[in-house]
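Working through the structure, step by step
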Amino acid sequence: MHGLVIPHTMEELSSIGTPGAVKGNMEALEFELYDTQPYVTTVTQNLTFFTAADVNNGFVTNMKAAGQLPNPDFFAPRVVTLDVITAEPGDFPRLRDMYALLYGTTAGQSPFMEFLYSGKPYCHFSLATVPAAGGPTGFSTRTAVEYGNNGFIGKGRCMGIGPDGDPSILILPLQAFSWQIRWPAAVALTATVALKLAMHGTYYRQIR
């Protein structure tokens, strides 16, 4: 069923289409702020995300500035996701790689990720509890190609919601923030992979 067509005067259309005519007005849009970092097999033990600005037309990160939001932008994240991007689907070792990344290979010591904002730590999560944003699910027949991802797709790990339903973390402009992932020891993988970490929420920017 089609929506109702409402006629507007030229003045009404101008007001609807250019709310930025009032200086300082902000617009809000659903947004994914993301960054991608390589995990080098047998080498990587720490990764830090969101520290560099986009120089690859949005294919690696969509950060406008290194380690912070430009003025006057704000971002209210609701959930965080982590995708493990491997080479082409392979056989059983690919699923074993996924397990080693999420749980580590040091008995009793699990890798974790932590959000840092203005020098303070928030959202200390076990790596295995942060699901993927997308990608294929896993399957294994031992005679066919396998593919695996980290957990259920599209849910995300909540970063905190206040009593009013709004996100409990608001990233202000020009304030340093990052995510860090740490493993107790470097993990040996079939091949180097990339980790894409994304925060999903509402982005506020000035209407120009």
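**What to know about the state of the cysteines**
All told, the structure shown has zero disulfides when counted by the stated rule. Note on Cys 123: no disulfide assigned, nearest cysteine sulfur contributed by Cys 158 at a separation of 8.3 Å. On the basis of relative accessible area, Cys 123 is assigned to the buried category, the value being 14%.

**Some remarks on the sheet that holds strand 1 (residues 26-39)**
Within the open sheet, the four strands sit side by side as 1-8-3-6. Their pairing is antiparallel. In this open sheet, the two edge strands, each paired with only one partner strand, are strand 1 and strand 6 (157-158). Pairing between strand 3 (residues 74-85) and strand 8 (residues 193-206): eleven bridges, direction antiparallel. Residue pairing for strand 8: Leu 82 is matched across the bridge by Leu 197.

**Concerning the sheet that holds strand 7 (residues 177-182)**
Spatially, 2-7-4-5 is the arrangement adopted by the four strands of the open sheet, whose pairing is antiparallel. One side of each edge strand has no neighbouring strand; the edge strands of this open sheet are strand 2 (46-49) and strand 5 (120-126). Direction aside, neighbouring strands of the sheet carry axes that sit 20° apart on average. With five bridges joining them, strand 4 (residues 112-117) and strand 5 adopt antiparallel strand pairing. Bridge pairing in strand 5 places Phe 115 opposite Tyr 122.

**What about the side chain of Thr 44?**
With respect to the helices, strands and loops of the structure, Thr 44 is situated in the loop between strand 1 and strand 2. The buried category is assigned to Thr 44, whose relative accessible area is 9%. Here Thr 44 is in contact with Pro 38, Tyr 39, Trp 183, Ala 186 and Val 187, once residues within four sequence places are set aside.

**Quick notes on the packing of aromatic side chains**
In total, this model carries ten aromatic pairs according to the counting rule given. An aromatic cluster of at least three residues, connected via ring pairs, comprises Phe 50, Phe 115, Tyr 117, Phe 125, Phe 177 and Trp 179. Sitting over the face of the ring of Phe 125, Arg 157 holds its NZ or CZ atom 3.9 Å from the ring centroid. Here Lys 196 stacks its cationic end above the ring of Tyr 34, 4.5 Å away from the centre of that ring.

**Considerations on the nonpolar core**
A general feature of soluble globular proteins is that nonpolar side chains tend to end up buried together. With 36 residues, the main nonpolar core has Phe 115, Phe 177, Trp 179, Leu 195 and Met 199 as its most contacted residues. For this core, the elements supplying multiple residues, two or more each, are strand 1, strand 2, strand 3, helix 2 (92-103), strand 4, strand 5, strand 7 and strand 8. Tallying contributions element by element places strand 8 first for this core, with five residues. In this structure, Leu 195 is in contact with Asp 35, Thr 36, Gln 37, Leu 47, Phe 49, Leu 82, Asp 83, Val 84, Leu 101, Ile 181 and Trp 183, ignoring residues within four places of it in sequence.

**Describing the side chain of Asp 35**
Structurally, Asp 35 can be placed in strand 1. Of the side chains with opposite charge, Lys 196 lies nearest to the buried Asp 35, which makes no salt bridge, at 10.0 Å. A distance of 3.0 Å separates a polar atom in the side chain of Asp 35 from a polar atom in the side chain of Gln 37. If we ignore the near neighbours within four places in the chain, the residues touching Asp 35 are Thr 48, Phe 49, Phe 50, Thr 51, Val 60, Thr 61, Leu 195, Lys 196 and Leu 197.

Scoring rules and cut-offs
- Residues numbered from 1 in each chain as written.
- Predicted model: local features only at pLDDT ≥ 70, side-chain atom pairs only at ≥ 80, totals over all residues.
- Heavy atoms only, no water.
- Disulfide = S-S within 2.5 Å.
- Buried < 20%, exposed > 50% of the residue type's maximum accessible area, 1.4 Å probe, protein only.
- Pairing = 2+ DSSP bridges.
- Helix = DSSP H or I, 4+ residues; strand = E, 2+ residues; numbered from the N terminus.
- Axes fitted to C-alpha atoms, helices over the stretch in contact; angles between N-to-C directions.
- Contact = heavy atoms within 4.5 Å.
- Phe/Tyr/Trp six-rings, centres within 6.5 Å; stacked < 30°, edge-to-face > 60°.
- Lys NZ or Arg CZ within 6 Å of the ring centre and 35° of its normal.
- Core = buried A, V, L, I, M, F, W, Y, C linked by side-chain atoms within 4.5 Å.
- Lys, Arg positive; Asp, Glu negative; His and termini not counted.
- Salt bridge = Lys/Arg side-chain N within 4 Å of Asp/Glu carboxyl O.
- Polar contact = N/O pair within 3.5 Å; in protein donor to acceptor, adjacent residues only side chain to side chain.

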